[in-house]
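Understanding the architecture of this molecule
If you want the building blocks of each chain, they are given just below.
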Amino acid sequence: MKITTAGAAAMVLAAICAVSLAIALPPSDGVGETDYIDGVHYSVVGGSAVADGFQSGYGSVTVAETVTIGGTGYTVTTVDLSSTCPDVTDFVIPSDVEIGRTSFTCLPSLESVDTYGEGSLTGVDGVLFDGDVLIAYPAGRSADSYTVPDGVTTIGDYAFYNSLGLRAVVLPDCLESIGESAFVASGITAISIPDSVTHIGKEAFSSSSAVSAHIGTGITEIPDSAFLFCTGLRTVTGGGSVTSIGDWGFFECTELVTLPSFPSLRSVGASAFAHCIALESFEIGPEVETIGGSAFYQCNGITGFTVDPDNGRFTAEDGVLFDSDATTLIDYPLGSPDRRYTVPGTVTAIGAGAFSSASNLGSLTIPGTVTTLGDNALSLMTLDRLEIPGDPGYSGSTFDRTSVGELVFIGGEDSVDLSIIGGLSDLGSVSFPSSLTDVTGSAGMTFYVRGGDGDLEPVTDVSADVLAGRTFEFDGSGLVEEDAPSDDLRTVAAVIIALLVAAAITAVVCRRSP
């Protein structure tokens, strides 16, 4: 093959470029390379190896201190599991690796964890510690009780996650902190938080099997979702220092009956006690300043709220909870046996979820002073009669899944939002005030009125003039004006009245005859 001068020059230039690139570029650190070694999956990240999974079928696995991947040696610095491995029962790791905070949630069958080499991690009786922090208790262990050793100050995040077989955990008096989700979905039935504990993480006991919980004097905050979905929790005691209960704190604790008075409580979070259907009462203490939206949503067992007389921010009337000047109705006690309720004329706003699921109520009257109805304020109700302002300022969920027999827009109202009708799941009839001068929104169905000949005619232009003073019944397809008396009925009525009058006159005449 003959090479021209130009071709030779090009080849030389290419060689020089290749050498230059080899010198200029740093050697590859193997990022992105992976391999299985002795049942453990390793990935190269930032020049070191991460143990992030397991090969199925391995019951006992050991994470190596160093591994060779793609011909290059790497130090294993981290264990960060990201997918569930139900096969692993025994797990051994180097003492100097970092542990991903949710790694042990991926090992539901784990019975023991141990360590080797130099570092701060240690395995004690099959439980993993990092100094005075309990990192992980094996979720698959068969023991029904465990005593946390003296000297431990912290229960780590997810430490007892999904320990279904565990029924009792004894916490030491030196414990200071319980991490986020520490006992999520565990089998513990009784929780006793020592007075030494000053911090509880979010969701610390959520979805656990707890039946009772004692809150020590060191706890000032029950965090968001702390006892979320503890459906067997019946009794809570202590809590004398608690100043706040976070959002969803006791959400759906469906068997919760007994609560302490929480004398230091200042704030109750949104939905804090929502769906606590067995709760029969709740006292608003002297220090309470804020109550979040839907805090007692669907607490069907509460027969009445009480407010400490020294509390200047809230008041209760007939068991109904209001703000201090009774301008906002916060919560109606869903367990009240009353069939009728009239909202006081001082009220301008009804809070989120305030009447939701009030199944005992048959008749509810809301005065014209009310200009705001919160989310789900009147949801999940079955009312025989609802009297309501024409334009109360509501959200799309205010009347969610609520049916009404008689809907009456109260007299004196000059404007009606027809969308209220469309927001109901079922309706018997609707009456409009004679004072009506304006309509907005849409009912989502056709109105029918009676023409001069008595026949029903669809309304093509729904206006105040058409609706004012009229009552319409829902017939399954639309809103039909109630029947007016026919000419025949008027004639019969007139004849009956005339006969009654004649009979009365005859009786008087007969009495005067000698």
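Residues numbered from 1 in each chain as written. Predicted model: local features only at pLDDT ≥ 70, side-chain atom pairs only at ≥ 80, totals over all residues. Heavy atoms only, no water.

Below, the discussion takes up the overall build of the protein chain. Of the regular secondary structure elements, the protein chain holds four helices and 42 strands. Every one of the 514 residues in the protein chain was classed for burial, and the buried ones make up 44%. By sequence separation, contacts in the protein chain at least 24 residues apart represent 31% of the contacts at least 6 residues apart. For the protein chain, the exposed surface amounts to about 23700 Å²; the carbon and sulfur share of it is 51%. (Helix = DSSP H or I, 4+ residues; strand = E, 2+ residues; numbered from the N terminus. Buried < 20%, exposed > 50% of the residue type's maximum accessible area, 1.4 Å probe, protein only. Contact = heavy atoms within 4.5 Å. Areas by Shrake-Rupley, 256 points an atom, 1.4 Å probe, with all protein chains shown as cover.)

Turning our eyes to something else, we now look at the nonpolar core. The biggest cluster of nonpolar side chains holds 60 residues, and the ones touching the most others in it are Ile155, Phe160, Ile178, Phe227, Phe250 and Phe273. Elements with a contribution of two residues or more to this core: strand E11 (127–130), strand E19 (212–215), strand E24 (281–284) and strand E26 (304–307). The contact partners of Phe250, leaving out residues within four places of it in the chain, are Ile222, Phe227, Leu233, Val236, Ile245, Leu256, Ala272, Phe273, Ala274 and Cys276. (Core = buried A, V, L, I, M, F, W, Y, C linked by side-chain atoms within 4.5 Å.)

Positive phi values are uncommon outside glycine, yet Asp38 reaches one of about 55 degrees. Using a relative accessible area of 62% as the deciding quantity, one classes Asp38 as exposed. Of note in this structure, Arg401 is not a glycine but carries a positive phi near 55 degrees. Examined against the element boundaries, Arg401 turns out to sit in the loop between strand E34 (382–388) and strand E35 (403–409). Using a relative accessible area of 57% as the deciding quantity, one classes Arg401 as exposed.

Moving on to the pairing of strand E10 (residues 121–124). In this sheet, E11 lies alongside E10 in antiparallel orientation, the contact comprising four bridges. The residue bridging Gly123 from the neighbouring strand is Leu128, located in E11. In sequence, E10 turns back onto E11 through a hairpin of two residues, with Asp125 there showing a positive phi of about 55 degrees. (Pairing = 2+ DSSP bridges.)

With that settled, consider the sheet that holds strand E4 (residues 60–62). A sheet is described by the order of its strands in space; here three strands give the open sequence E4-E7-E9, paired in parallel fashion. In this open sheet, the two strands that pair with only one neighbour each are E4 and strand E9 (112–116). Adjacent strand axes in the sheet meet at a mean angle of 15 degrees, parallel and antiparallel pairs treated alike. Bridge analysis of E4 against strand E7 (residues 90–94) gives three bridges, and the strand direction is parallel. (Axes fitted to C-alpha atoms, helices over the stretch in contact; angles between N-to-C directions.)

The next subject is the packing of aromatic side chains. Under the definition given, this model contains 25 aromatic pairs. Ring-pair connections join several aromatic residues into one group, and the members of that group are Tyr137, Tyr146, Phe160, Phe183, Phe205, Phe227, Phe250, Phe273, Phe282, Phe296 and Phe305. (Phe/Tyr/Trp six-rings, centres within 6.5 Å; stacked < 30°, edge-to-face > 60°.)

Note on strand geometry: in a regular strand, side chains alternate between the two faces of the sheet. Counting buried residues in E35 gives five out of seven residues, a clear majority hidden from the surface. For E34 and E35, the ladder comprises six bridges, and the chain directions are parallel. Of the residues in E35, the one forming a bridge with Thr382 is Ser403. Looking at chain direction, E35 and strand E37 (residues 426–431) are connected through five bridges and run parallel. Residue Leu407 lies in a different strand from E37, and its bridge partner there is Val430.

This part covers the pattern of salt bridges. Scanning the model with the defined rule gives 11 salt bridges in all. The residue Asp157 makes a salt bridge to Arg101 at a minimum N-O spacing of 3.0 Å. Taken together, the residues span a long stretch of sequence, with Asp157 in the loop between strand E14 (154–155) and strand E15 (168–170) and Arg101 in the loop between strand E8 (98–99) and E9 at a distance of 56 residues. Since its relative accessible area comes to 29%, Asp157 is described here as partly exposed. With its nearest N and O atoms 3.3 Å apart, the salt bridge here joins Asp384 to Arg339. Of this pair, Asp384 sits in strand E34 while Arg339 sits in the loop between strand E29 (328–331) and strand E30 (340–342), and the two are 45 residues apart along the sequence. A relative accessible area of 46% places Arg339 in the partly exposed class. Among the charged side chains, a salt-bridge network with shared partners connects Arg266, Glu287, Glu289 and Arg313. (Salt bridge = Lys/Arg side-chain N within 4 Å of Asp/Glu carboxyl O.)

Here we take up the side chain of Ser379. With respect to the helices and strands, Ser379 occurs in the loop between strand E33 (372–373) and E34. What Ser379 contacts, discounting residues up to four positions off in sequence, is Tyr297, Phe355, Ser356, Ser357, Ser397, Thr398, Phe399, Asp400 and Thr402.

Another point: the sheet that holds strand E25 (residues 290–291). Strand order in this open sheet of four strands is E20-E22-E23-E25, and the pairing throughout is parallel. One side of each edge strand has no neighbouring strand; the edge strands of this open sheet are strand E20 (221–222) and E25.

Structurally, the position occupied by Thr105 is in the loop between E8 and E9. A distance of 2.5 Å separates a polar atom in the side chain of Thr105 from the backbone oxygen of Thr102. Not counting the four nearest positions on each side in its chain, Thr105 is found in contact with Tyr158 and Tyr161. (Polar contact = N/O pair within 3.5 Å; in protein donor to acceptor, adjacent residues only side chain to side chain.)

Parts of the model with low pLDDT should not have their predicted coordinates read in detail. Of all residues in the protein chain, 88% have pLDDT values of 70 or greater, and the mean over the chain is 90. Contacts for the low-pLDDT stretch residues 1–28, under 50 throughout, to residues beyond four places or in other chains number one contact. pLDDT under 50 marks residues 484–495. Its contacts with residues more than four places away, or in other chains, come to two contacts. (pLDDT = per-residue confidence, 0-100.)

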